[in-house]
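Topology and contacts: notes
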Amino acid sequence: MQAILYSKNSRSGVRIATVPRPSLMSTQYDPTSTGVIRFWHFRIIELISTFMSYCMCLLRRLLPSIPGPYGEIADRQWVLCRVYCGGVNPVDAKFLYGDKLPHFLLPLVKWFVEGRICGIDFSGVVVEAPSDCGYAPGDAVFGTIPPFCGSFAEYVRAPTDFISHKPRNVSFVEASALPLVALTTMQAFDDNNLKIGQHVLILGASGGTGHIAVQIAKTKGARVTAVAGSRNVDFVKDLGADNVIAYDGSEDVLQALQTITSRHGPFDLVFDAVSSHDPRDASFAYESRIRNLRPPLLSGMYIFIGGVPKDWVFAHLKRFLGVDCFSSGRQLFWVRFPDSAKRLNSLRRFCEAKQIKVKIANCVPFTEEGVQEAFRLQMNRRVVGKIVIKIATGIE
């Protein structure tokens, strides 16, 4: 089958190649490179992952407060799917870990993901499934693929707890754009108990994650104040935001936020879909500016989905050991894929009830040039909505 692979020798970082088609029995870390070093490299990763899972299972029995490790799901089942479309996310264009480590380590990151299939989000059709897994050949599905396994391929082996049936009123293109951004938002809001009537501030409200966050917050009955570019103000208002502030408009953002909070109370939650360790974000410094204002604009948690390497170290400690090193009132939120089918089912119902609609910024073909263009657009950070790769022809 054809797949898009990470390539450290390509100027764009990706290449298209023919790789073995997966089966229901294929392992999670089958290497696509034939080099002996790389073969054993991924075999070692597989062994470490298995060992850590067993150790964490043992620790959870002894210390129930420790969170479950990545991939720890009892009796996991898998289905083989024909991929129709793949949704593009910033993490795809950043080599999975390029946004979590110092920039000088990027060559090491590229070596680590060399030969791995790109992509996390997908939509498609089941072609092979166990008889008792809840899916049958021909079922239209959407969801995610475990990192390093990759969704930008003609076929994928998907865990059943990572997918759901596709919403009936949503195209394959739209369905492929939803999973990662919706799961991130739904988990972050649920973990912080966002309730009816609470006030939430969403930064980066027109982007891939932000525009879904606005809609999910509204499904929870929250009051939404959003920050976006001036050319996207009307778009964000149409999503349901109660107040929209243009960060590049004539009005000072902080003054506008002060005015809004004086009328409707401080924010119970800030969802920052902008900040990261990218130098281009330094000029905004939303968190410090919001926290330093008096009277306070924020009474609850400040959630960000991108951060400096130290924040990612803290996030890993919290995820795998249950140790929270973040200062009070702040959290780098990191999406959890295992057992995400329940939330994907909720997302399907929201879509079918027309409460959530994804904006497709661009569709690109399943070619090296198409994926290169998708990554280029994604890294420009001016995308309104999501970018999708059409992997199967004739699909809407």
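Just so it is clear, the structure is predicted and the values come from calculations on it, not from any experiment. (Residues numbered from 1 in each chain as written. Predicted model: local features only at pLDDT ≥ 70, side-chain atom pairs only at ≥ 80, totals over all residues. Heavy atoms only, no water.)

Another aspect to go through is the nonpolar core. If you look at the biggest cluster of nonpolar residues, it comprises 85 residues, and the most contacted ones within it are F122, I202 and L347. Ranked by the residues each element gives to this core, the list is headed by helix 5 (residues 179-191), at seven residues. When residues are assigned to domains, this core turns out to be shared by domain 1 (5-20 + 51-177 + 358-390) and domain 2 (181-332), each giving three or more. Listed in part, the 24 residues of the second largest apolar core include A256, I290, A315 and W334. (Core = buried A, V, L, I, M, F, W, Y, C linked by side-chain atoms within 4.5 Å. Buried < 20%, exposed > 50% of the residue type's maximum accessible area, 1.4 Å probe, protein only. Helix = DSSP H or I, 4+ residues; strand = E, 2+ residues; numbered from the N terminus. Domains from an automatic or database assignment.)

In this structure, the amide linkage connecting R294 to the following residue, P295, adopts the cis form with an omega of 0°. Along the polypeptide, P295 turns up in the loop between helix 9 (286-292) and strand 12 (298-304). Positioned with a positive phi, N193 is a non-glycine residue whose angle comes to about 55°. One can find N193 in the loop between helix 5 and strand 8 (199-203). Its identity as a non-glycine residue notwithstanding, D339 has a phi of 60°, on the positive side. Along the polypeptide, D339 turns up in the loop between strand 13 (330-332) and helix 11 (341-352).

Looking now at helix 12 (residues 368-380). The terminal C-alpha atoms of helix 12 lie 18 Å apart, and with 13 residues this matches the ideal 18 Å at 1.5 Å per residue to within 8%. Buried within helix 12 we find G370, V371, A374, F375, L377 and Q378. Down the axis of helix 12, the sector holding all buried residues measures 160°, keeping them to one side. (Expected span 1.5 Å × (residues − 1). Arc of directions from axis to C-beta.)

A word on the pairing of strand 3 (residues 78-88). In terms of residue burial, strand 3 counts as a mostly covered element, since eleven of its eleven residues are buried. Note: strand 3 against strand 6 (residues 155-159), five bridges, orientation antiparallel. The residue bridging L80 from the neighbouring strand is R157, located in strand 6. Where strand 3 meets strand 4 (residues 121-128), five bridges bridge the pair, whose relative direction is antiparallel. Bridge pairing links V83 to G124 in strand 4. Pairing between strand 3 and strand 15 (residues 386-390): four bridges, direction antiparallel. The residue of strand 15 that forms the bridge with G86 is I389. (Pairing = 2+ DSSP bridges.)

Strand order in the open sheet formed by six strands is 10-9-8-11-12-13, and the pairing between neighbours is parallel. Both edges of this open sheet fall to strand 10 (243-246) and strand 13, since each of them pairs with a single strand only. Averaged over all pairs of adjacent strands, the angle between strand axes in this sheet comes to 15°, irrespective of strand direction. Those strands touched by helix 8 (residues 253-264) are strand 8, strand 9 (223-228), strand 10 and strand 11 (267-272), and its axis lies near 165° from that of strand 10. (Axes fitted to C-alpha atoms, helices over the stretch in contact; angles between N-to-C directions. Contact = heavy atoms within 4.5 Å.)

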